[in-house]
Amino acid sequence: MKKLLSLLVVLVAMFVVAGCGNTNLKDREIVIPDQLTTDPITITFWHAMGQANQGYIQDIIDRFNVIYPNVTVIQAGQGGYTDLRDKITKAISAGTEPNIAQTYPDHVAVYLQGRAVLPLDKYMENATHGFTQADLDDFVPSFLAEGTIYDEAGTYYSLPFNKSTEVMFYNKTFFDQNSLTVPTTWAEVRTVSQQIKTLNGKVGFAYDSEANLFITLTQQWGGQYTNVNGEILFNNAQSKAAVTYFKDLYTDRLAATPTHFDGANYASDVFKAETIYMTVGSSAGAQHNNTTAFEVGVAPIPQYDGAGAVPAVIQQGTNVTIFSNATDDQRLASWLFVKFLTSTAETAYFSASTAYFPVRESAYTHPTYATFLANPDSIFVKSATIGYGQRDKFFTSAAFPGSSLARDESQSLIRAVLYGGKTIDQAYADAINELVW
Amino acid sequence: MKLKKFILLLLLGIFSFSLTACDNKPGEEEWEIHYYTNRTTLERDYTGKDFFLHGIGEVTLVSVADGDTAMFKTATSQPFRVRFLGIDTPESTYRIDPWGKAASDYTANRLNNATKIVLEAEGNQPVLDSTGTRYLAWVWVDGKLLNLELIEESFTTSKGASGSKYAEVIFNADMRTQTKGKRIWGEQDPGFNYSIEGTQVTLEELRTNEAEYANKKVAVVGIVTRVLGFSAYVEDCSGETGCYGIYVYAGFTQLQKLVVGFELRIEGTMVYHPDQETGAPQITDTRDSKITVLSTGNEVVPTVMTISELNRTTNPTISGRFVKLENVTVYSGYDSANNAFTFRIRDSQNNTIEVRVASDIAIRDLSIPAPQDNRIRTWEYFNGKNIDIVAPIGVYSGQYQLLLGSFNDITFHN
């Protein structure tokens, strides 16, 4: 119940919309000027990026200013993603939200409850400032589609920005020395981990994110997790079978999560220490699994290959959203910046600098990204290319106010089953009880 | 099934409008920098309590690392590092960011002039941060919450404050402070070098006049003597007064040009890590594009020294040098997390020094064939061995130590 109470605070802050703000421009009709004003204009971009990535964003802003010299774009790092969400929620209540923000889908779902998000469709369709059909076709379809998951009409409330997925990192030196085969299925994970256990008694595999483990395996086993209406659907046989499968791997000490390893916050810590030899983690977090202690291999994540299997790899990362509380020119300037940010050259630049995926297909052959790909031995390149190679299996879980709580409960459920001594049925019942009345 | 609870929560949220609708912020005409800091007080009783036992207690300052990290000790504890909760000031140690040094100076000034410092954990017990080396705490300096004050001084945004006991006031302060456009929110740091090019300087000049180059962009020339993890040591012996070395920190990125025997021109920033008193100078903020290969295949020869010469008081500028110690014996040690370990060696005169193997260094006994695990994970492997060792000199807690990079850098005599 504590989590729900903390959410209450967020919602309370969010729904207090009318009283404090000095401005309330957000409920106005969308009017798109034919030309952007040439008067000085300022827009703000809040995000959760660190110092290095802020430098890349500033480079993009500087290039944007070559085209639109009268637009001042102020970027502001707001800490972590949770800080960013909570500050924007608070700012919405005060009428001081930014013009643009980096967003996760469940954050957008919260902001939408405050009627604070600008629908992008009219801007995308605008003859002067919008996208051509070729532009739309150029976006990676699953990335673009993530902006439309908030209502049945498929209204666009975001465009993709920094996208990633999960890949499996493995100790290639160890695999080569011992003639082990990199597993592609969970059955093969069992086989290889058993071989490793026979060799040296160690747990072979660890899944870094317990929430992603639950959500991904539920998907791979053909089960449902949640839906866009906020319904909690994971209390099903397929999901339980998936968790049972991983629990059995853990019981046999063939696979685990970081919780198993005392003092480890991340699976990458025990991976680099050669306590384990395979780990599934974020494709954008390759640096954390990077080491000179051994050669690191990168492979697609294991898939379920039993009856009813659904190939699935989670799609992660953020989008960019424009807020409606702004003048027509600020809205247009924000749209033009987001359009610029997601252009072929700029997504190629940002991705080559950070190892996130470009959001447009054409960026993969852009000279900037081609230069990045020219070093195939780099773990960043391997991670990006292997990760993107799984795109036909990408899925996203539904976003709704409170969907982050479902993620939290997914983590708790895995911990309860693996380490808390709870039965599968009890752990599911507890999780459902936390989430559903 | 629906999330019915949300309906209730939404209704409650609407009914609660009046509770949190408007933040009682001061107007422009009555701007007060420390508005929230001055109105936030420590509610928990810390009298007679201990930070480690009770999650709150009085401490004394040992040293300041940067704007959001310092070392303290309690009446009964050894010194321990503390990362301030809810904030993230710009870097000023392994990397230099605008306003990083100023934030560090501000924190140092407040803590060094404090009459009473109280650390408060978020819960009833202190917890470590994700690095596992620093305790997280709210830092009360003479009754003022320094974490909050640093936000109101525009040295940091809030980070990781969500869900914490001071989240509300921290967010309010952060939102209010950002609108003023001060320091990190829109001002140039007069103490930061925004130029791209570093000052060309020899390692001899840099190491013998360190104060002049600390926190500045430099370009140095040296030969790579050892690569440890992704980082490396370089040395230059062309000076008039002998050889000088320095550590080149590369973070998590493998720099293709850091190869033993390569003579390099390296651009970066010289900083002390973790600080001047307890650590060593290093070159940071570099990458392959800022490194020029001048020559390759240079022979790397360690300087034979004795343990008694590895004394930071009598030889303060030899960290980073590549040295060889002969006929020393391993006599004690300890193991750390993730396969890191340290062993101590002594010579015939009982002079001693520590040898460190970091967690990202795999020392492998190649005489042990696959599939056996040949990574050495404990200092006891070396216990009692009489050895020669070659290694660069590092600094840990103010003392020199050797940093072992490879099994081949040890010659066993027994």
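This is a predicted model, so every value here is computed, not measured.

Novice: Let's hear about the overall build of chain B: which residues, and what values?
Specialist: Regarding its fold elements, chain B presents eight helices and 20 strands. Dimensions of chain B, computed from the C-alpha atoms along their principal axes, are close to 80 × 55 × 45 Å. Of all 414 residues assigned to chain B, the portion counted as buried reaches 50%. The contacts of chain B with a sequence gap of at least 6 include a subset with a gap of at least 24, amounting to 61%. As displayed, chain B offers around 18,800 Å² of accessible surface, 50% of which is attributable to carbon and sulfur atoms. Between the averaged position of the 40 positive side-chain charges in chain B and that of its 52 negative side-chain charges there is a distance of 6 Å.

Novice: Describe in detail the environment of B:Gly279, supporting the description with residues and values.
Specialist: Following the sequence through the fold, B:Gly279 ends up in the loop between strand 11 (263–273) and strand 12 (280–284). If we skip the residues at most four places from it in the chain, B:Gly279 touches B:His273, B:Pro274, B:Arg312 and B:Val395.

Novice: Can you explain the pattern of salt bridges? Please cite residues and give values.
Specialist: Residue and element names in this part refer to chain B. One pass over the full model with this rule turns up 33 salt bridges over all chains. Between Arg-110 and Glu-149 there is a salt bridge whose closest N-O contact spans 2.7 Å. Of this pair, Arg-110 sits in helix 4 (residues 100–112) while Glu-149 is found in helix 5 (residues 146–152), placing the two residues 39 residues apart along the sequence. The burial state of Arg-110 is the same as that of Glu-149; both residues are buried. Here Arg-226 ties to Asp-409 by a salt bridge, and the two come within 2.8 Å at their closest N and O atoms. Of this pair, Arg-226 sits in strand 8 (residues 216–228) while Asp-409 sits in the loop between strand 19 (399–403) and strand 20 (410–412), and the two are 183 residues apart along the sequence. Assessed through its relative accessible area of 18%, Arg-226 is described here as buried.

Novice: Give me the lowdown on helix 4 (residues 105–113) of chain A, citing residues and values where you can.
Specialist: Residues and elements named next belong to chain A. Of all nine residues that make up helix 4, seven are buried, and the element is covered over most of its length. Restricting attention to buried positions, one finds in helix 4 the residues Pro-105, Asp-106, His-107, Val-108, Ala-109, Val-110 and Tyr-111. One or two positions beyond helix 4, positive phi appears at Arg-115, with a value near 55 degrees.

Novice: Residue-level account of unusual backbone geometry, with values.
Specialist: Residues and elements named next belong to chain B. Residue Pro-274 is bonded to the preceding His-273 through a cis peptide linkage, with omega at -5 degrees. Along the polypeptide, Pro-274 turns up in the loop between strand 11 and strand 12. Phi angles above zero are rare outside glycine, and Asn-215 is one such case at about 65 degrees. Tracing the backbone shows Asn-215 in the loop between helix 8 (210–213) and strand 8. A positive phi angle, close to 75 degrees, is found at Asn-339, a residue other than glycine. Relative to the helices and strands, Asn-339 is located in the loop between strand 15 (322–335) and strand 16 (341–346).

Novice: Residues and numbers for the packing of aromatic side chains, please.
Specialist: Given two aromatic rings, their pairing is described by the distance between the two centres and the angle made by the two planes. According to the stated counting rule, one finds 52 aromatic pairs over all chains in the structure shown. Judged by centre distance (6.1 Å) and plane angle (20 degrees), the rings of A:Phe143 and A:Phe394 are stacked. Within this pair, whereas A:Phe143 is found in helix 7 (residues 141–145), its partner A:Phe394 is found in strand 10 (residues 394–395), the two being separated by 251 residues in sequence. Among the residues examined, A:Phe143 registers a relative accessible area of 0% and is labelled buried. Owing to a relative accessible area of 12%, A:Phe394 belongs among the buried residues under this scheme. With a centroid separation of 6.5 Å and 85 degrees between ring planes, the pair formed by B:Phe51 and B:Tyr135 is classed as edge-to-face. Note that B:Phe51 is positioned in helix 3 (residues 51–54) and B:Tyr135 in strand 5 (residues 135–141), a separation of 84 residues in sequence. According to the relative accessible area criterion, B:Phe51 is buried, its value standing at 0%. Note on B:Tyr135: relative accessible area 23%, which makes it partly exposed. Ring pairing ties together the aromatic residues A:Phe143, A:Phe357, A:Tyr364, A:Tyr369, A:Phe372, A:Tyr388 and A:Phe394, which thus form one cluster. The lysine or arginine in question, A:Lys240, covers the ring of A:Tyr428, its NZ or CZ lying 5.4 Å from the ring centre.

Novice: Help me get a handle on empty space enclosed by the protein, residues and values and all.
Specialist: According to the stated counting rule, one finds four cavities of 30 Å³ or more in the structure shown. Here the largest cavity defines a volume of roughly 100 Å³. Lining the largest cavity are 13 residues; nearest its centre among them are A:Phe174, A:Gln177, A:Glu274, B:Arg364 and B:Asp373. At three residues, helix 8 (residues 172–177) of chain A tops the list of elements feeding residues into the lining of the largest cavity. Of the residues in the lining of the largest cavity, the class split is three nonpolar, six polar and four charged.

Novice: Describe the confidence of the model for chain B, and please don't skip the residues or the numbers.
Specialist: Residue and element names in this part refer to chain B. On average, chain B scores 89 in pLDDT, and the residues at 70 or more come to 92%. Overall, residues 10–24 carries pLDDT values under 50, and its contacts beyond four positions in sequence, including any with other chains, amount to 21 contacts. Interface confidence for the predicted complex, expressed as ipTM, amounts to 0.78; the pTM equals 0.82.

Novice: So what's going on with the side chain of A:Gln102? Which residues, and what values?
Specialist: Residue and element names in this part refer to chain A. Examined against the element boundaries, Gln-102 turns out to sit in strand 3 (residues 100–103). What makes Gln-102 buried here is its relative accessible area of 1%. Within polar-contact distance, the side chain of Gln-102 engages the side chain of Tyr-81 at 3.3 Å. One polar contact links Gln-102 to Thr-318, side chain to side chain, over a distance of 3.1 Å. Look past the residues within four positions of Gln-102 in its chain and what remains in contact with it is Phe-45, Trp-46, His-47, Ala-48, Met-49, Tyr-81, Leu-84, Phe-161, Asn-162, Thr-318, Asn-319 and Val-320.

Novice: Describe the nonpolar core, naming the residues involved and giving the relevant values.
Specialist: Formed by 123 residues in total, the largest nonpolar core has its most connected members in A:Trp186, A:Phe205, A:Phe234, A:Phe246, A:Trp335 and A:Phe337. With eight residues, the single largest contributor to this core is helix 13 (residues 328–341) of chain A. Setting aside chain neighbours within four positions, we find A:Phe337 in contact with A:Ile43, A:Phe45, A:Ile60, A:Ile61, A:Phe64, A:Val73 and A:Ile100. Among the nonpolar cores identified, the runner-up in size contains 40 residues, and B:Tyr35, B:Tyr36, B:Phe84 and B:Ala173 belong to it.

Novice: Kindly report on the pairing of strand 17 (residues 352–357) of chain B, identifying the contributing residues and their values.
Specialist: Residue and element names in this part refer to chain B. Burial along strand 17 is one-sided: Ile-353, Val-355 and Val-357 are buried, and none of Thr-352, Glu-354 and Arg-356, which face the opposite way, are. Where strand 16 and strand 17 come together, six bridges link them in antiparallel fashion. Bridged to Ile-345 within strand 17 is Ile-353. Two successive antiparallel strands, strand 16 and strand 17, enclose a turn made up of five residues, where Asn-350 displays a positive phi of approximately 65 degrees. Sheet topology note: the strand 17/strand 19 ladder contains three bridges and is parallel. Bridge assignment links Arg-356 to a residue of strand 19, and that residue is Leu-403.

Each value, and the rule that gives it
Residues numbered from 1 in each chain as written. Chains lettered and ligands numbered in written order. Predicted model: local features only at pLDDT ≥ 70, side-chain atom pairs only at ≥ 80, totals over all residues. Heavy atoms only, no water. Helix = DSSP H or I, 4+ residues; strand = E, 2+ residues; numbered from the N terminus. Buried < 20%, exposed > 50% of the residue type's maximum accessible area, 1.4 Å probe, protein only. Contact = heavy atoms within 4.5 Å. Areas by Shrake-Rupley, 256 points an atom, 1.4 Å probe, with all protein chains shown as cover. Lys, Arg positive; Asp, Glu negative; His and termini not counted. Charge placed at Lys NZ, Arg CZ, Asp CG, Glu CD. Salt bridge = Lys/Arg side-chain N within 4 Å of Asp/Glu carboxyl O. Phe/Tyr/Trp six-rings, centres within 6.5 Å; stacked < 30°, edge-to-face > 60°. Lys NZ or Arg CZ within 6 Å of the ring centre and 35° of its normal. 1 Å grid on protein atoms, 1.4 Å probe; cavity = no way out; pocket = protein on both sides within 12 Å on 5 of 7 lines; lining within 4 Å. Points joined across faces, edges and corners; volume = space filled by probe spheres on them. Nonpolar A, V, L, I, M, F, W, Y, C, P; charged D, E, K, R; others polar. pLDDT = per-residue confidence, 0-100. Polar contact = N/O pair within 3.5 Å; in protein donor to acceptor, adjacent residues only side chain to side chain. Core = buried A, V, L, I, M, F, W, Y, C linked by side-chain atoms within 4.5 Å. Pairing = 2+ DSSP bridges.

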